[in-house]
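Results of the structural survey
Below are the chains, spelled out letter by letter.
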Amino acid sequence: MAGFVASNVLSGDLKLWYAKDYPAATDGCRIIDVRTEVEYDIWHISGAENVPLGTIREACENWDRDVPIRLYCAVGFRSYLAYRALVQRGFTDVRTLSGGSTTFRFFHDLEPVGFVAKPAEIHYAEASDLLTQVKGSGQLIDLDCTGLACPGPIMKLTKQMDELQPGDDVVVHVSDPGFAHDAPAWAASHGHEMLAISPEGPGYVATFRKSGEVAPATRGGVQTLNQTSFVVFSGDLDKAIAAFIIANGALAMGQKVSMFFTFWGLNMLRRHDAPPREKKVMDRMFAMMMPSDAGHLPLSQMNMAGMGPKMIKDVMKQHNVPTLEELMTSAREGGAQLVACTMTMDLLGIAESDLQDGIDYGGVATFLGEAQKSGTTLFI
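All figures in this text were calculated on a predicted structure; none of them were measured in a lab.

Next up on the list: the overall build of the protein. Counting its regular elements, the protein contains 14 helices and 16 strands. Taken across its 380 residues, the protein has 41% of its residues classed as buried. A separation of at least 24 residues holds for 71% of the contacts in the protein among residues at least 6 apart in sequence. Here the protein has roughly 20000 Å² of accessible surface; of this, 58% comes from carbon and sulfur atoms.

If you want it as structure tokens, here you go:
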């Protein structure tokens, strides 16, 4: 990989800027952070705009191509892809940060961000009465989250914390390298203390103490609306998985979640054992052309007559990523509100008996009401 990067630089296919040259390297430039919104909220270079990689092709259409652009991501891979996309669209002065924000933060002594390690405390039986009044039972829990892909560790940690008393400690083991960035933000959003974190194998071992109070969600020092709303329009498997991964992540961060399913997105709410009923000719035609339930959704790319979904499900199983059905169950158990669009149901000939139990029903006013209470609204 180092050879690939060097070859790109030497051949002129990639131009870099370096942490040691900051801030001079960004003077008069537009700084673009192509990481996710969650990563950006945890930390970002001062003055940087957040344009996630997946959106940069559309976002850059109206940008001034003569303004210098300085890109960065976590380690340099995503910013390299963004660099290629911008250069191919006529941007003439583009550079990407060598080593990404990880190198930048170490070079400028910014690691770890906002965290000072504290010794973990184990409270003993002789102090149990006092601890019950002040800090809870004081038990120490060892939580194994190795092998779980994001957002699995955060979800499992959140569930474990919900079962504990203030003052209890949890030592969590994870193999996800991104946990080091997620953990401080998760602890801050829930009002818990992160006592320690250190590398362990490919991931980390971290110690958290449950607090009795939940800190209000903030962004840039300003309190935000603690809810995320979705419009789930697509009926593609990959987009459905992405929607529910984000939804479960939001729930794990202590947010409320509302998901409004309309048009093809309604197919993932279908039940495979729907009772038979009389249907109009057009309704029967729609039913024949659309997936019967969440387990039969196609991929948006490389569907290959149904082979693609089977391949992606197998890859997900190998990497311990929950299935769509499992993600949906986790979201509903976590309190996510799933709303079916009644207008679209009428158009496509879908009845309430065709959908799973526990679904709410509403129209655009229902969605807009939830969106007004949300700090983030996503259209998928």
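So, next bit.
A word on the packing of aromatic side chains. Applying the stated rule across the entire model yields 9 aromatic pairs. Judged by centre distance (6.3 Å) and plane angle (85°), the ring pair of Phe-179 and Phe-208 falls under edge-to-face. Note that Phe-179 is positioned in helix H8 (residues 179–190) and Phe-208 in strand S9 (residues 203–209), a separation of 29 residues in sequence. For Phe-179, a relative accessible area of 1% translates into the label buried. Phe-208 gets classed as buried once you look at its relative accessible area, which sits at 0%. Here the aromatic residues Phe-233, Phe-263, Trp-264 and Phe-379 are joined through ring pairs into a cluster of three or more. Sitting over the ring of Trp-63, Arg-30 keeps its end group 4.3 Å from the ring centre.

Moving on, we come to the environment of Arg-270. Tracing the backbone through its elements, the reader meets Arg-270 in the loop between strand S13 (256–261) and helix H10 (281–289). On the basis of relative accessible area, Arg-270 is assigned to the buried category, the value being 10%. Each C-alpha atom, one on Arg-270 and one on Ala-294, is 6.9 Å from the other, the two residues being 24 residues apart in sequence. Residues contacting Arg-270, with those up to four places away along its chain left out, are Met-290, Pro-291, Ser-292, Asp-293, Ile-350, Asp-354, Leu-355 and Gln-356. Reaching out from Arg-270, the side chain makes a polar contact with the side chain of Asn-267 at a distance of 2.9 Å.

Looking now at the sheet that holds strand S1 (residues 16–17). The strand order across the open sheet built from 5 strands is S1-S5-S4-S2-S3, with neighbouring strands paired in parallel fashion. The open sheet has two free edges, formed respectively by S1 and strand S3 (49–50), since each of these has just one partner strand. As judged from the 2 bridges shared by S1 and strand S5 (residues 94–97), these two strands associate in the parallel manner. From the neighbouring strand, Leu-16 faces S5, where its bridge partner is Thr-96.

This model, assessed by the stated rule, comprises 11 salt bridges. We note a salt bridge from Asp-21 to Lys-20, for which the minimum N-O separation is 3.3 Å. Judged by relative accessible area, which is 32%, Asp-21 ranks as partly exposed. Taking the shortest distance from any N to any O, the salt bridge between Glu-49 and Arg-30 comes out at 2.7 Å. Taken together, the residues Glu-49 in strand S3 and Arg-30 in strand S2 (residues 30–33) connect sequence positions 19 residues apart. A relative accessible area of 30% places Glu-49 in the partly exposed class.

Here the focus is the side chain of Thr-262. Following the sequence through the fold, Thr-262 ends up in the loop between S13 and H10. Within the local environment of Thr-262, its side chain forms a polar contact with the side chain of Thr-344, the two groups lying 2.8 Å apart. Every residue in contact with Thr-262, bar those within four places of it in the chain, is listed here: Val-231, Val-232, Phe-233, Cys-341 and Thr-344.

In this model, helix H11 (residues 307–318) (12 residues) spans 17 Å end to end at C-alpha, consistent with the 16 Å of a helix rising 1.5 Å per residue. For H11, the complete set of buried residues consists of Gly-308, Pro-309 and Met-316. All buried residues of H11 fall inside an arc of 95° around its axis, so they share one side. Pointing more than 90 degrees away from the buried face of H11 are the exposed residues Lys-310, Lys-317 and Gln-318. Asn-320 sits one or two positions beyond H11 and adopts a positive phi of about 60°.

This part is about the sheet that holds strand S6 (residues 140–145). Reading across the sheet, the 4 strands line up as S6-S7-S9-S8 and stay open at both edges, with mixed pairing between neighbours. Each edge of the open sheet carries a strand with a single partner, namely S6 and strand S8 (193–200). On average, each strand axis in the sheet is inclined to that of its neighbour by 15°, with strand direction left out of account. Both strand S7 (residues 169–174) and S9 contribute to a ladder of 6 bridges, which runs antiparallel. Each bridged residue has a counterpart across the sheet, and for Val-171 the counterpart in S9 is Thr-207. Along the sheet face, helix H7 (residues 152–162) touches S6, S7 and S9 and points at about 155° away from the line of S6.

Once that is clear, we can look at the nonpolar core. Among soluble globular proteins, nonpolar side chains are generally buried collectively. Counting 35 residues, the largest nonpolar core has Phe-244, Met-259, Phe-261, Leu-269 and Leu-324 as its most contacted members. Of all elements in the fold, only strand S12 (227–232), helix H9 (237–252), S13, helix H12 (324–333), strand S14 (337–341) and helix H13 (342–348) reach the threshold of two or more residues within this core. Among residues more than four places away in sequence, those in contact with Leu-324 are Leu-237, Ala-240, Ile-241, Phe-244, Ala-294 and Leu-297.

Reading guide: rules and limits
- Residues numbered from 1 in each chain as written.
- Predicted model: local features only at pLDDT ≥ 70, side-chain atom pairs only at ≥ 80, totals over all residues.
- Heavy atoms only, no water.
- Helix = DSSP H or I, 4+ residues; strand = E, 2+ residues; numbered from the N terminus.
- Buried < 20%, exposed > 50% of the residue type's maximum accessible area, 1.4 Å probe, protein only.
- Contact = heavy atoms within 4.5 Å.
- Areas by Shrake-Rupley, 256 points an atom, 1.4 Å probe, with all protein chains shown as cover.
- Phe/Tyr/Trp six-rings, centres within 6.5 Å; stacked < 30°, edge-to-face > 60°.
- Lys NZ or Arg CZ within 6 Å of the ring centre and 35° of its normal.
- Polar contact = N/O pair within 3.5 Å; in protein donor to acceptor, adjacent residues only side chain to side chain.
- Pairing = 2+ DSSP bridges.
- Salt bridge = Lys/Arg side-chain N within 4 Å of Asp/Glu carboxyl O.
- Expected span 1.5 Å × (residues − 1).
- Arc of directions from axis to C-beta.
- Axes fitted to C-alpha atoms, helices over the stretch in contact; angles between N-to-C directions.
- Core = buried A, V, L, I, M, F, W, Y, C linked by side-chain atoms within 4.5 Å.

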